[in-house]
Amino acid sequence: METRQIGFAMIVIGLILLIIGLLVGVSLLTTVGGVLIVVGAVLWILGATGRAVGGRKHYF
């Protein structure tokens, strides 16, 4: 899987967990959803650069 796809998938899963956490009132789901959104956005941005990051072609 490409890094952009992984980042996008993490953002979608994070949004789903965030919405469920807000609707149900479970703060753990809300926190995990928020973290997944941030990590997914970082992976998406790093994958969009199209070059090696930190001296490694694949960093996941």
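One can find the structure itself at the top, above this paragraph.
Residues numbered from 1 in each chain as written. Predicted model: local features only at pLDDT ≥ 70, side-chain atom pairs only at ≥ 80, totals over all residues. Heavy atoms only, no water.

*Asks:* What is the right way to read a nonpolar patch on the surface from this model?
*Replies:* Together, Phe8, Val12, Ile16, Ile19, Ile20, Leu23, Val24, Val26, Leu28, Val32 and Trp44 make up a nonpolar patch on the protein surface, roughly 1,000 Å² of accessible area in all. Secondary structure elements with two or more residues in the nonpolar patch: helix 1 (3-24) and helix 2 (27-48). Looking at which element gives the most residues to the nonpolar patch, the answer is helix 1, with 7 residues. Tracing the chain through its elements places Val24 in helix 1. (Patch = residues over 30% accessible without salt bridge, like charges linked within 9 Å, V, L, I, M, F, W, Y side chains within 5 Å. Areas by Shrake-Rupley, 256 points an atom, 1.4 Å probe, with all protein chains shown as cover. Salt bridge = Lys/Arg side-chain N within 4 Å of Asp/Glu carboxyl O. Helix = DSSP H or I, 4+ residues; strand = E, 2+ residues; numbered from the N terminus.)

*Asks:* Any chance you could explain the packing of aromatic side chains here in plain terms?
*Replies:* To describe a pair of aromatic rings, you give the distance between the ring centres and the angle between the ring planes. Inspection of every chain in the model, using the stated rule, returns 1 aromatic pair. With centroids separated by 5.8 Å and ring planes inclined at 70°, the aromatic side chains of Phe8 and Trp44 adopt a geometry described as edge-to-face. One end of the pair, Phe8, is in helix 1; the other, Trp44, is in helix 2, and 36 residues separate them in sequence. Taking relative accessible area as the criterion, Trp44 reaches 38% and is therefore assigned partly exposed. (Phe/Tyr/Trp six-rings, centres within 6.5 Å; stacked < 30°, edge-to-face > 60°. Buried < 20%, exposed > 50% of the residue type's maximum accessible area, 1.4 Å probe, protein only.)

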